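Structure assessment
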Amino acid sequence: MASPASGEGQGARERSGGWLRSARLASCASALVAAAACTGTLGGNGGEDSGDGRPGDGRPGDEQPGANAQCAPRLERRVVLLPDLQFINSVRALLGDAAVQADQAPDDRTKPFMKKGFSVGTSLVRTRLDLAAYAAESLEGRFQQVTGCATDGDDACARDFLSRFAALAFRRPLGATELEDLWRVVEAGKEESYERGVMLAVEAILASPSFGYRTELGEERRDGVVKLSPHEIASELAFFLTDSPPDAELLAAADSGALRDPEEVARQTERLLALPATRRSLSTTLLAAWGLSNLFGTVKDPGMFPEYGPALQASMFHETELFLDATLWDRGADVSELLTSRETFVNEPLAKVYGVEHSGAPEEFSPVTLPADQRAGLLTQASVMATLSRTDNTSVVARGLFVRGAMLCLPKLPSPPESLAGAVDELLNADMTERERAEVRGGNPTCGACHRGIDPFGLMLENYDALGRHRETLDGEPIDGRVEVQGIPGLADSYANAVDFADKIAEQKEFAACLTRNLVTYGTDDERLTPSDCQVASLVEALPEGERTLPAIVKAIATSRALTDRTEEE
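What to know about the state of the cysteines
Linking two cysteines covalently via their sulfur atoms produces the bond known as a disulfide. For the structure shown, the criterion picks out 3 disulfides. The disulfide that involves cysteine 149 links it to cysteine 157, with 2.0 Å between the sulfurs. Its S-S torsion of approximately -100° makes the covalent link between cysteine 149 and cysteine 157 left-handed. For cysteine 149, a relative accessible area of 1% corresponds to the buried category. Across the disulfide, cysteine 409 is cross-linked to cysteine 514 (sulfur-sulfur distance 2.0 Å). Around the S-S axis, the bridge from cysteine 409 to cysteine 514 shows a dihedral of about 70° and counts as right-handed. Of this pair, cysteine 409 sits in the loop between helix 18 (396–407) and helix 19 (421–429) while cysteine 514 sits in helix 24 (residues 510–524), placing them 105 residues apart in sequence. For the protein chain, numbering the cysteines in disulfides from first to last along the sequence yields the connectivity 1-6, 2-3, 4-5.

Below, the structure is given as structure tokens:
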């Protein structure tokens, strides 16, 4: 098969009405850019938490639980650009792995969590058009297998295939006018061959905004509230849970209108949650929310940490994957156990990091119980500690920000002013312990107010080096992991160390609320949500303590108005 980039494939395209391709692709590009210009909320609203602890910005839905039992919608009607992972997965779902170049496929382990900055521009449009062209060209040599039509087949077969294919690609029924537009592309391509005409139509479908975007425009309007259509609900639910388009059963529920009923949405959610692919996708969403994919970009001083490299990074990341699977899916535990469980999985290299025995082949992962006085679930895992360390040392600030933000969703703090960049570098290079550095930051009138809300969370993790190995001393001096957190409601207390902190926090709702907030954010692209917003708080309050399992949280999100209701544009 000639690839789209090969001379043979390119020559055939130029001979078969190259003007048609150029004109059509230019038209598609214009349509994509025009769609972007018509909405200010593609792929998310681009906002961020105010960072000042305010409960909201006065928009509908900012009311606290109980103030508005209906929890009014806060997102406007919009069109949402599919991120790269979801776009590629949609191509694969339609045409198989052969339709995607290996070097174009994003790694689903490292999918981005925040979509801020992901916008439509010339480069993105060109990339998407090239992906569509490659996918269509991939039909060469397997045309009959994919379409069900012979390479010199009849028009009726082609129209039937394109009607079904476009409906799946657009995730909704195809309009008669749309089919006729596609058929005009087929007719022009048939000047070379019947097969080329159908392939050009496939390319046009994959280059269409109806494929690359999903809509949240709704079908019912009442009192300023817009209810999403069944097909819009199906798309949002599928991409939230699986990062892939709706499967056949979910589309059938949309076609029948059954998804207008929250009970059917709950049933479909339960069905999807039973699938291994859905579980993997949701676990990866949590890993993305915690920023653990950044582990693969970390570098350590080879003189200090000679064992650190891609193999150990992969082992650390896989341990956390296995830990999530066992805790959240196999045992169906309350999400708080992510903070308290000492059960995990190690291969031989990781066993050395943790100082425990390993059985089995060196690369085989086996279950172990970590020392209860040294380890406390996710917070003290090697993947987290290594990600949140510098090349040659730990990082109190990075670790403190992780606990504040990724784990507890506390209000965002401002970055240090640029004028202090030199002083920051000087402090990092000073011959001090991390606690001494924290004392300097805390005493600085410019830095102190923020760092007193960051550094205690990082100081309690100083018992773990840049690889996550537990240590009691540093340079012959004992490490003091005791901290006192002040001024943060619900968290203000004294903690002996990270293990003490994790055990105490697990008894409260902050971690579960933050995890829920992150999932709602991913499902709705609403990055301004906070745990106190009713879209999150009402879900957490409705789930009894001890029963906040991941499936229960996901089901509550899927059937909430956060996913199905929108407002009219302001």
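Further notes follow.
Observations concerning the packing of helix 6 (residues 155–170) against helix 8 (residues 194–207)
The N-to-C vectors of helix 6 and helix 8 enclose an angle of 15°; their axes lie 10 Å apart at closest approach. With respect to helix 8, the axis of helix 6 lies roughly parallel. With respect to the hand of their crossing, helix 6 and helix 8 are arranged in right-handed fashion. Contacts between helix 6 and helix 8 pair Asp155, Cys157, Ala158, Phe161, Leu162, Phe165, Ala166, Ala169 and Phe170 from the former with Tyr194, Val198, Ala201, Val202, Ile205 and Leu206 from the latter.

Structural notes on the sheet that holds strand 11 (residues 565–567)
Judged by pairing direction, the sheet is antiparallel, and its 3 strands sit side by side in the order 3-4-11 without closing on themselves. Across the chains shown, the open sheet's two edge strands, defined by having one partner strand only, are strand 3 (220–222) and strand 11. Strand-to-strand twist across the sheet, computed as the mean angle between neighbouring axes with direction ignored, equals 30°. When strand 4 (residues 225–227) meets strand 11, the two strands line up antiparallel, connected through 3 bridges. Within strand 11, the position partnered with valine 226 by the bridge is arginine 566.

Topic: the confidence of the model for the protein chain
For the protein chain, per-residue confidence averages 86 on the pLDDT scale, and residues scoring 70 or more make up 86% of the total. Low confidence marks residues 1–69, where pLDDT is under 50. Its contacts with residues over four positions away, or in another chain, come to 116 contacts.

Each value, and the rule that gives it
- Per chain, residue numbering runs from 1 following the sequence as it is written.
- Under the rules for a predicted model, residues below a pLDDT of 70 receive no local features and side-chain atom pairs below 80 are neither given nor counted, while totals for whole chains, interfaces and linings still include all residues.
- To get the side-chain values, take all heavy atoms of the structure and skip hydrogens and water.
- Any two cysteine sulfur atoms lying within 2.5 Å of each other are counted as a disulfide.
- Throughout, exposure labels follow a simple rule: accessible area from a 1.4 Å probe, protein chains only, divided by the maximum for the residue type, with under 20% read as buried, over 50% as exposed, and the rest as partly exposed.
- Segments assigned H or I by DSSP are reported as helices when at least four residues long, segments assigned E as strands when at least two residues long, and all are numbered from the N terminus.
- All axes are obtained by fitting lines to C-alpha atoms, using only the stretch in contact for helices, and the reported angles, taken between N-to-C directions, cover 0 to 180 degrees.
- To sort the angles, those under 35 degrees are grouped as roughly parallel, those over 145 as roughly antiparallel, those from 65 to 115 as roughly perpendicular, and the leftovers as oblique.
- Each crossing gets its handedness from the near helix: less than a right angle anticlockwise from the far helix is left-handed, clockwise is right-handed.
- Here, residues are in contact when the closest pair of their heavy atoms is within 4.5 Å.
- Paired strands are those between which DSSP finds at least two bridges.
- The quantity called pLDDT is the predictor's confidence in a given residue, expressed from 0 to 100.

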